[in-house]
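Observations on the three-dimensional arrangement
The lines below spell out each chain.
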Amino acid sequence: MAFIDEVLQVPAYGWKNNQGELIKPTRTQLFREFFSRMNIIKSKKNWISFIGWFMIICMLPFSYFFIVHYFSWVLLIILVLYSMIIMGTHGTIWFHRYCTHRSFKFRFKIWRFITQNLVIKTIPEEIYVVSHHVHHVKSDEPGDPYNARGGFLYCMLADVNHQGINKSLSEKDYRKASHFMKHTGVKLNSYKGYKKWGSLATPGYTIALWLGNWTFWYIILFLIGGHGLACALFTAAMMWFLLVRAFNYTGHGGGENKHVEGLDFDRSNLSINQWRPGYFAGEWHNNHHLYPGSARAGFLPWQLDIPWIYIYVLFKLGAVSSFHDSKNEFMQKHFNAKKNLTENPHSDGKLIRKKH
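Residues numbered from 1 in each chain as written. Predicted model: local features only at pLDDT ≥ 70, side-chain atom pairs only at ≥ 80, totals over all residues. Heavy atoms only, no water.

Observations concerning unusual backbone geometry
Basically, it comes down to this: Helix numbers and strand numbers start at the N terminus; a helix is a DSSP run of H or I with at least 4 residues, a strand a run of E with at least 2. Categorising residues by exposure relies on relative accessible area from a 1.4 Å probe, with only protein chains included: less than 20% of the type maximum marks a residue as buried, more than 50% marks it as exposed, and the intermediate range marks it as partly exposed.
Look at Arg 102: it is not a glycine, yet its phi comes out positive at around 50°. Locating Arg 102 in the fold gives a position in the loop between helix H4 (73-100) and strand E1 (104-106). You can call Arg 102 partly exposed: its relative accessible area is 33%. Even without being glycine, Asp 140 reaches a positive phi, approximately 65°. By the element assignment, Asp 140 lies in the loop between helix H6 (125-137) and helix H7 (152-156). The class of Asp 140 is buried, set by a relative accessible area of 3%.

Considerations on the nonpolar core
Stated precisely, the cut-off is as follows: Remark: nonpolar core denotes a set of buried residues (Ala, Val, Leu, Ile, Met, Phe, Trp, Tyr, Cys) joined through side-chain atoms within 4.5 Å. Contacts are residue-level and defined by heavy atoms, with any inter-residue pair within 4.5 Å sufficient.
Phe 104, Ile 120, Trp 214 and Leu 221 are the most contacted members of the largest nonpolar core, which totals 76 residues. It is helix H11 (residues 203-250) that contributes the most residues to this core, 16 residues altogether. Every residue in contact with Leu 221, bar those within four places of it in the chain, is listed here: Ile 120, Gly 226, Leu 229, Ala 230, Leu 233 and Phe 234. Leu 290, Tyr 291, Phe 299 and Phe 330 belong to the second largest nonpolar core, which has 6 residues in total.

A closer look at the pattern of salt bridges
For clarity, the threshold we go by: Just to be clear on terms, a salt bridge is a Lys or Arg side-chain nitrogen sitting within 4 Å of an Asp or Glu carboxyl oxygen.
In total, this model carries 9 salt bridges according to the counting rule given. Residue Asp 305 is joined to Arg 97 by a salt bridge in which the shortest nitrogen-to-oxygen separation is 3.0 Å. Here the residue Asp 305 occupies a position in the loop between helix H13 (285-290) and helix H14 (306-317), and Arg 97 occupies one in helix H4, the gap between them amounting to 208 residues. Overall, Arg 97 belongs to the buried group, its relative accessible area being 3%.

A closer look at the environment of Ile 120
Residue placement: Ile 120 occurs in the loop between helix H5 (109-116) and H6. Setting aside residues up to four positions removed in sequence, Ile 120 forms contacts with Met 59, Tyr 82, Met 87, Asn 213, Trp 214, Trp 217, Leu 221, Leu 233, Phe 234 and Ala 237.

Quick word on the packing of aromatic side chains
Under the convention used in this document: Centre distance within 6.5 Å is the pairing criterion for rings of Phe, Tyr and Trp, where only the six-membered ring of Trp is used; planes under 30 degrees apart are then read as stacked, over 60 as edge-to-face, and the remainder as tilted. A ring is considered to have a charge above it if a Lys NZ or an Arg CZ atom is located within 6 Å of its centre and within 35 degrees of its normal.
The final tally for this structure, using the stated rule, is 36 aromatic pairs. With centroids separated by 6.2 Å and ring planes inclined at 80°, the aromatic side chains of Phe 62 and Trp 214 adopt a geometry described as edge-to-face. In this pair, Phe 62 is assigned in helix H3 (residues 47-70) and Trp 214 in helix H11, connecting sequence segments 152 residues apart. Ring centres 6.1 Å apart and planes at 35° place the aromatic pair Tyr 312 and Phe 315 in the tilted group. Taken together, the residues span about one helical turn, with Tyr 312 and Phe 315 both in helix H14 at a distance of 3 residues. The class of Tyr 312 is partly exposed, set by a relative accessible area of 32%. For Phe 315, a relative accessible area of 6% corresponds to the buried category. Over the face of the ring belonging to Trp 197 we find Lys 44, whose NZ or CZ atom lies 5.3 Å from the ring centre.

What about H3?
The following threshold applies: Helix span is expected to be 1.5 Å times the residue number reduced by one.
Over its 24 residues, H3 extends 33 Å from the first C-alpha to the last, a length consistent with the 34 Å expected when each residue adds 1.5 Å. For H3, the full list of buried residues reads Trp 47, Ile 48, Ser 49, Ile 51, Gly 52, Trp 53, Met 55, Ile 56, Met 59, Phe 62, Ser 63 and Phe 66.

Some details on the environment of Pro 25
Among the structural elements, Pro 25 can be located in the loop between helix H1 (3-6) and helix H2 (27-37). C-alpha separation for the pair Pro 25 and Gly 150, spaced 125 residues apart in sequence, amounts to 7.6 Å. When neighbours within four sequence positions are excluded, Pro 25 is seen to be in contact with Tyr 13, Leu 30 and Tyr 154.

Considerations on the packing of H4 against H5
What counts, and what does not: Note on geometry: axes are lines fitted to C-alpha atoms, helical ones only across the stretch in contact, with angles between N-to-C directions running from 0 to 180 degrees. Each angle gets one of four labels, with under 35 degrees taken as roughly parallel, over 145 as roughly antiparallel, 65 to 115 as roughly perpendicular, and the rest as oblique. All residues other than Ala, Val, Leu, Ile, Met, Phe, Trp, Tyr, Cys, Pro, Asp, Glu, Lys and Arg, Gly among them, are scored as polar; the first ten of these are nonpolar and the last four charged.
Remark: H4 packs on H5, axes separated minimally by 10 Å, with the N-to-C direction vectors making an angle of 125°. Overall, the two elements H4 and H5 adopt an arrangement that is oblique. Here H4 contributes His 90, Ile 93, Trp 94 and Tyr 98 to the contact with H5, which in turn contributes Arg 112, Thr 115 and Gln 116. Among the residues forming the contact of H4 with H5, the class breakdown is 3 nonpolar, 3 polar and 1 charged.

Quick notes on helix H15 (residues 327-335)
Among the residues of H15, Asn 328, Glu 329, Phe 330 and Met 331 are the ones counted as buried. Buried residues in H15 make contact with H13.

Describing a nonpolar patch on the surface
Note the cut-off: Residues enter a patch when their relative accessible area is above 30% and they make no salt bridge; the linking distance is 9 Å between like charges and 5 Å between nonpolar side chains (Val, Leu, Ile, Met, Phe, Trp, Tyr). What sets the accessible areas is the Shrake-Rupley method with a 1.4 Å probe; for residues, cover comes only from the shown protein chains.
Judged by side-chain polarity, Tyr 64, Phe 65, Ile 67, Val 68 and Tyr 70 come together as a nonpolar surface patch covering roughly 490 Å² of accessible area. Position of Tyr 70 among the secondary structure elements: in helix H3. Overall, the relative accessible area of 31% leaves Tyr 70 in the partly exposed class.

Focus on the side chain of Glu 125
For Glu 125, the location among the structural elements is in helix H6. Glu 125 sits in the buried class, given a relative accessible area of 4%. Beyond its immediate sequence surroundings of up to four residues, Glu 125 is in contact with Trp 94, Phe 95, Cys 99, Gln 116, Met 181 and Val 186.

The quantities given are spatial measurements derived from coordinates; they are silent on function.
Okay, structure coming up:
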């Protein structure tokens with residue numbers, strides 16, 4: 001089998017049946033797999049699946065204090081904006097365009113670290129990155145870790161049930177999997193460490209970064225607006241952490257073909273462009289599937305792309321050394337194809353470097 005077919009841990013119910021069709025597990029099967037993979041008593045190799053939801057549990061007290069002691073309509077508005085725009089935009093910049101697709105490069109490691117920690121820490125990078133590579137190869141097919149055809153719950157529990165790496169990779173395949181993460185700055189296990197912990201990332205690094213990030217942001221937010229603001233924004237981070245899973249379902253039409261003529265140009269999968277994820281987080285998802293390596297996904301004039309603005313500003317400041325931008329190629333090959341426009345001599349799929 002190809003490496004991409006084996007890099008993720010296969011759920012107990014499997015990806016596909018003998019006819020090659022997607023297995024749609026029952027609710028009971030999904031929850032049984034979920035609790036099995038989070039059982040750190042059964043195996044410490046489940047630690048990285050456990051820690052993501054343990055973060056949510058740790059955020060619940062912030063939500064309690066916000067609702068019971070610090071609630072105000074102003075803080076609620078700030079909470080919603082932070083969750084939907086700030087957290088969403090950061091997710092697109094860091095997890096999606098940089099960690100997974102390497103659509104741009106930082107000139108200095110300090111800017112990588114700052115970008116990584118621009119918001120309250122939630123998802124361990126490994127959970128997102130490796131599985132997202134598989135998602136692009138197998139979009140809406142058996143083996144896609146958050147296949148919308150599997151149903152809403154299939155996507156909501158995917159970070160535990162489907163996105164963990166295979167615990168039995170050969171040393172050669174482990175090196176291939178590590179290659180997905182080397183540029184991120186995340187401290188990775190040796191093969192011996194992987195055999196012990198079942199993950200690419202080391203537990204020590206992951207936990208230390210999480211605690212350091214939370215400590216920093218709580219202090220900063222407290223100094224700005226007291227416990228009320230801090231509790232509100234930690235609640236916002238928890239909301240994003242939970243609701244981003246729903247995007248894996250809605251962003252692929254809920255498993256149905258919902259392409260819109262003149263808006264969704266990639267018909268090789270079920271991905272669609274949606275206005276809310278697009279305007280709030282730069283997640284023009286059908287555009288992204290068409291050009292996954294592009295640092296910009298808002299190709300049309302009305303498609304606001306806040307993550308692209310951040311990347312381009314850093315480029316102008318010299319903090320980003322290069323990026324890929326596929327806007328011109330998209331316009332020529334897709335949007336303006338029927339108009340037979342003259343090809344732009346400065347084709348955008350090319351690497352652009354900062355000049356000094």
